[in-house]
Amino acid sequence: AQKVTQAQTEISVVEKEDVTLDCVYETRDTTYYLFWYKQPPSGELVFLIRRNSFDEQNEISGRYSWNFQKSTSSFNFTITASQVVDSAVYFCALSRGGSQGNLIFGKGTKLSVKP
Amino acid sequence: DGGITQSPKYLFRKEGQNVTLSCEQNLNHDAMYWYRQDPGQGLRLIYYSQIVNDFQKGDIAEGYSVSREKKESFPLTVTSAQKNPTAFYLCASRSRDRGQVNTEAFFGQGTRLTVV
């Protein structure tokens, strides 16, 4: 069975602090895909990143960075120098490879960035 | 502009009524999904469809029904059998990459359903 665990329900930081959102996944597949999404108060989910199971290279995009470690089944997301606009709910998701790839979500982490 | 359109944005249902939530996409995506979001529960899969005229139950399909008569459309009906339908409903779609459904999902803006 596939499962995504985001143990942090809510995080509150002060602007300019760095913050890491944890994501741990479970799957028996050798080919799978991991995603992060941002859900601002408006409700629509915004895609941030996709990573396949064969690519453990970390990625940086501006203030965002992602650390994928297969050895610990983790795909953590770090925001550097957080800003108030980063306040949102962040979801980690897992999809199996193949033609029937469902997208399974964690319960989300609500990030509040205070000025 | 390509995207997914959900309507209505807000919907009120009386006890015992069926209601249908609309989801239309013009992205030419094969796969479409319906998720339900409750506070603290994340997104839970209701139904999904990988191709026209075919769909499968997700984790919480009881009390819901869908159809996929056209590639662009995947409406969700919340029936009177769904005892606690008040929630935020999100529709999503994904494309195939060389036959594999592994791309990112695009989401609509959601429909907030309230039972009155």
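Refer to the structure above for everything that follows.
Remember, it's a predicted structure, so these values are computed and weren't measured experimentally.

Criteria and cut-off values
- Residues numbered from 1 in each chain as written.
- Chains lettered and ligands numbered in written order.
- Predicted model: local features only at pLDDT ≥ 70, side-chain atom pairs only at ≥ 80, totals over all residues.
- Heavy atoms only, no water.
- Helix = DSSP H or I, 4+ residues; strand = E, 2+ residues; numbered from the N terminus.
- Rg over C-alpha atoms; globule rule 2.2 N^0.38 Å.
- Contact = heavy atoms within 4.5 Å.
- Areas by Shrake-Rupley, 256 points an atom, 1.4 Å probe, with all protein chains shown as cover.
- Lys, Arg positive; Asp, Glu negative; His and termini not counted.
- Charge placed at Lys NZ, Arg CZ, Asp CG, Glu CD.
- Patch = residues over 30% accessible without salt bridge, like charges linked within 9 Å, V, L, I, M, F, W, Y side chains within 5 Å.
- Salt bridge = Lys/Arg side-chain N within 4 Å of Asp/Glu carboxyl O.
- Buried < 20%, exposed > 50% of the residue type's maximum accessible area, 1.4 Å probe, protein only.
- Polar contact = N/O pair within 3.5 Å; in protein donor to acceptor, adjacent residues only side chain to side chain.
- Disulfide = S-S within 2.5 Å.
- Pairing = 2+ DSSP bridges.
- Axes fitted to C-alpha atoms, helices over the stretch in contact; angles between N-to-C directions.

### As for the overall build of chain A
Argument step 1. Helix and strand counts for chain A stand at zero helices and twelve strands.
Argument step 2. Its helices and strands taken in sequence order, chain A reads β-β-β-β-β-β-β-β-β-β-β-β from the N to the C terminus.
Argument step 3. For chain A, whose C-alpha radius of gyration is 14 Å, the value lies close to the compact-globule estimate of 13 Å for 115 residues.
Argument step 4. Projected onto its principal axes, the C-alpha positions of chain A cover 45 × 25 × 20 Å.
Argument step 5. In chain A, the share of contacts with a sequence separation of at least 24, taken over all contacts with a separation of at least 6, comes to 56%.
Argument step 6. When the accessible surface of chain A is summed, it comes to about 5600 Å², and 48% of that surface belongs to carbon and sulfur atoms.
Argument step 7. One finds the centroid of the 12 positive side-chain charges in chain A at a distance of 5 Å from the centroid of its 12 negative side-chain charges.

### A word on a nonpolar patch on the surface
Residue and element names in this part refer to chain B.
Argument step 1. Residues Tyr10, Phe12 and Val116 make up a contiguous nonpolar surface patch of about 370 Å² in total accessible area.
Argument step 2. Tracing the backbone shows Val116 in the segment after strand S11 (111-115).
Argument step 3. When its relative accessible area of 58% is taken as the criterion, Val116 is described as exposed.

### Some thoughts on the environment of B:Phe106
Residues and elements named next belong to chain B.
Argument step 1. Counting through the fold element by element, Phe106 comes out in strand S10 (residues 106-107).
Argument step 2. Given the relative accessible area of 38%, Phe106 is considered partly exposed.
Argument step 3. Residues Phe106 and Lys14, 92 residues apart in the sequence, show an inter-C-alpha distance of 31 Å.
Argument step 4. Residues within four places of Phe106 in sequence aside, it is in contact with Ile4, Leu27, His29, Cys91, Ala92 and Ser93.

### A word on the side chain of A:Thr109
Residues and elements named next belong to chain A.
Argument step 1. By the element assignment, Thr109 lies in strand S12 (residues 109-114).
Argument step 2. Judged by its relative accessible area of 0%, Thr109 is buried.
Argument step 3. From its side chain, Thr109 meets the backbone oxygen of Gln8 in a polar contact 2.6 Å long.
Argument step 4. Beyond its immediate stretch of four places on either side in the chain, Thr109 contacts Gln6, Gln8, Thr9, Ile11, Leu21, Ala88, Val89 and Tyr90.

### Regarding the pattern of salt bridges
All names here are of chain A.
Argument step 1. One pass over the full model with this rule turns up seven salt bridges over all chains.
Argument step 2. Where Arg51 meets Asp55, a salt bridge forms, and the shortest distance between an N and an O atom there is 2.9 Å.
Argument step 3. Residue class for Arg51 comes out buried when judged on its relative accessible area of 7%.
Argument step 4. The partner of Asp86 in a salt bridge is Arg63, and the shortest N-O contact between them spans 2.8 Å.

### Re the state of the cysteines
Residues and elements named next belong to chain A.
Argument step 1. Going through the model one piece at a time under the given rule, you end up with two disulfides over all chains.
Argument step 2. A sulfur-sulfur separation of 2.0 Å characterises the disulfide bridge that pairs Cys23 with Cys92. Judged by the sign of its S-S torsion, about -65 degrees, the cystine formed by Cys23 and Cys92 is left-handed. Here the residue Cys23 occupies a position in the loop between strand S3 (19-21) and strand S4 (24-26), and Cys92 occupies one in strand S10 (residues 88-96), the gap between them amounting to 69 residues.
Argument step 3. For Cys23, a relative accessible area of 0% translates into the label buried.
Argument step 4. Of the residues examined, Cys92 reaches a relative accessible area of 0% and is grouped as buried.

### Topic: the side chain of B:Gln82
Residues and elements named next belong to chain B.
Argument step 1. Position of Gln82 among the secondary structure elements: in the loop between strand S8 (76-78) and strand S9 (87-94).
Argument step 2. For Gln82, the side chain forms a polar contact with the main-chain oxygen of Glu62, separated by 3.0 Å.
Argument step 3. Ignoring anything within four residues of it in the chain, the contact list for Gln82 reads Arg13, Arg36, Glu62, Gly63 and Tyr64.

### Details of the sheet that holds strand S3 (residues 19-25) of chain B
All names here are of chain B.
Argument step 1. Within the open sheet, the four strands sit side by side as S1-S3-S8-S7. Their pairing is antiparallel. Every interior strand has two partners, whereas the edge strands, strand S1 (4-7) and strand S7 (64-66), have only one. When the angles between neighbouring strand axes are averaged without regard to direction, this sheet yields 20 degrees.

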